Amino acid sequence: MFNIKKFNEINDFLKKSSNSAKIVAISKNHPVESVLEAIKYGVYIFGENRVKEAQEKFQNIKLNNPKIELHLTGPLQSNKVKLAISLFDVFHTLDREKIAKEFSKYRNLIGNKKIYLQINIGREKTKNGIFPEETKDFLFFLKNEMRLSIHGLMCIPPIDEDPVYHFTKLKLLANENKIKELSIGMSDDYESALKFNPTYIRLGTILFGKRL
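Owing to the predicted nature of the structure, the values given are computational and were not obtained by experimental measurement.

*Asks:* Tell me about the packing of helix 2 (residues 32–40) against helix 3 (residues 51–64), and name the residues and values.
*Replies:* Running from N to C, helix 2 and helix 3 cross one another at 35°; their axes reach a closest spacing of 10 Å. Every pair of crossing elements has a handedness; the one defined by helix 2 and helix 3 is right-handed. Of the residues in helix 3, those touching helix 2 at Val32, Val35, Leu36 and Ile39 are Lys57, Phe58 and Ile61. For the contact of helix 2 with helix 3, the per-class residue count stands at six nonpolar, no polar and one charged.

*Asks:* Which residues make up the environment of arginine 50, and what values go with them?
*Replies:* Note on placement: arginine 50 falls in the loop between strand 2 (45–48) and helix 3. Separated by 45 residues in sequence, arginine 50 and lysine 5 place their C-alpha atoms 27 Å apart. In this view, arginine 50 contacts Asn29 and Leu72; residues no more than four positions away in its chain are not counted.

*Asks:* How would you explain the packing of helix 5 (residues 97–104) against helix 6 (residues 135–145) if you had to name every residue and give the values?
*Replies:* Following both chains from N to C, one finds helix 5 and helix 6 inclined at 20°, their axes separated by 11 Å at the closest point. What the angle tells us is that helix 5 and helix 6 run roughly parallel. The chirality of how helix 5 crosses helix 6 is right-handed. Packed against helix 5, whose contacting residues are Glu97, Ala100 and Lys101, the element helix 6 presents Phe138, Phe141 and Leu142 at the interface. Among the residues making up the contact of helix 5 with helix 6, the classes are represented as four nonpolar, no polar and two charged.

*Asks:* Any chance you could break down the pattern of salt bridges for me, citing the residues and the numbers?
*Replies:* Considering all chains together, one arrives at 10 salt bridges under this definition. Among the ionic pairs, glutamate 48 bridges to lysine 57, the shortest N-O distance being 2.7 Å. Grouping residues by exposure puts glutamate 48 and lysine 57 together as buried.

*Asks:* Describe the nonpolar core, listing the residues and the values that go with them.
*Replies:* Phe46, Phe103 and Leu142 are the most contacted members of the largest nonpolar core, which totals 62 residues. Counting seven residues, the second-largest nonpolar core is a separate cluster that includes Val24, Ile26, Val90 and Tyr116.

*Asks:* Account for the environment of lysine 180, with residues named and values stated.
*Replies:* Relative to the helices and strands, lysine 180 is located in the loop between helix 7 (163–176) and strand 7 (181–183). According to the relative accessible area criterion, lysine 180 is exposed, its value standing at 76%. Sequence spacing of lysine 180 and glycine 152 is 28 residues, and the spatial spacing of their C-alpha atoms is 6.2 Å.

*Asks:* Explain the packing of aromatic side chains residue by residue, including any values.
*Replies:* Inspection of every chain in the model, using the stated rule, returns eight aromatic pairs. Relative to phenylalanine 103, the ring of phenylalanine 91 has its centre 5.0 Å away and its plane inclined at 80°; by these criteria the two rings are edge-to-face. Residue phenylalanine 91 is found in strand 4 (residues 90–94), and its partner phenylalanine 103 is found in helix 5; the two are separated by 12 residues along the sequence. Like phenylalanine 91, the residue phenylalanine 103 is buried in the burial classification. Connected via pairs of aromatic rings, a cluster forms that spans Phe2, Phe7 and Phe208. Directly above the ring of tyrosine 41 sits lysine 40, whose terminal nitrogen or CZ lies 5.4 Å from the centroid. Lying across the ring of tyrosine 44, lysine 67 places its NZ or CZ 4.8 Å from the centre.

What counts, and at which threshold
- Sequence positions are assigned chain by chain, starting from 1 and proceeding in written order.
- Only residues with pLDDT of at least 70 are given local features in this predicted model, and only at 80 or more are side-chain atom pairs given and counted; all residues enter the totals for whole chains, interfaces and linings.
- Values reported for side chains reflect all heavy atoms of the structure, with hydrogen atoms and water molecules removed beforehand.
- Orientation is described by lines fitted to C-alpha atoms, with helices fitted over the stretch in contact, and by angles between N-to-C directions that extend from 0 to 180 degrees.
- Every helix listed is a DSSP run of H or I at least four residues long, and every strand listed is a run of E at least two residues long, numbered separately from the N terminus.
- Note on convention: the crossing is left-handed when the near helix lies turned anticlockwise from the far helix by less than a right angle, right-handed when the turn is clockwise.
- Contact between two residues is taken to exist if any of their heavy atoms lie within 4.5 Å; hydrogens are not considered.
- Gly is placed with the polar residues, together with every amino acid not listed as nonpolar (Ala, Val, Leu, Ile, Met, Phe, Trp, Tyr, Cys and Pro) or charged (Asp, Glu, Lys and Arg).
- Orientation labels follow simple angle bins: below 35 degrees gives roughly parallel, above 145 gives roughly antiparallel, 65 to 115 gives roughly perpendicular, and whatever is left gives oblique.
- Think of a salt bridge as a Lys or Arg side-chain nitrogen and an Asp or Glu carboxyl oxygen that are within 4 Å of each other.
- For the exposure calls, accessible area comes from a 1.4 Å probe over protein chains only, and a residue counts as buried if that area is under 20% of its type's maximum, exposed if over 50%, partly exposed in between.
- Here, the term nonpolar core denotes a set of buried Ala, Val, Leu, Ile, Met, Phe, Trp, Tyr and Cys residues that are joined through side-chain atoms within 4.5 Å.
- Within 6.5 Å between ring centres, the rings of Phe, Tyr and Trp (the latter by its six-membered ring) count as paired, and their orientation is classed by plane angle as stacked under 30 degrees, edge-to-face over 60, tilted in between.
- Comment: the charge-over-ring label is applied if NZ (Lys) or CZ (Arg) is within 6 Å of the ring centre and within 35 degrees of the ring normal.

As structure tokens, then:
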């Protein structure tokens, strides 16, 4: 069941505080019925982690609901880039050169897409993304060699550390590289993320409940 009460509560807070953040309802591992319920309540921005699952759930939904905006919030395999481009509107997880090269093959198809660079802000071995100190050079590579436009930076802080510390680091990185948008904040730390005026907060468990 989709928690529309919590969604409206957070949305109302954003409006009252003049925060421009948009909620991405993370529907991964939840049935299409929950997505349809959320759409019925007026929710139109969703996030999925896997291309195949997203295709099965959203291909028909997007055909019938042109307002739906679908975000890829999980890692992308190189052999699924073309399919992903046909399905998703926003990519939060560009995380390596190989994926950038695949995106560059389809520049004619991504003009209206938004791409975020994923930063491994805590330098964790279990997480994707480039290290903070690589950001400047990688952005140069993306812009000048791949001719890709990067709209923002995204990160997932280490679960056992203060998220504010890592959000601050990401904000500084964005400022240093003249990047305006941030994708930060999940169910457990979105309130901290809102202090940094992100473009998107990615909320799953708090809206859909525990994953199946």
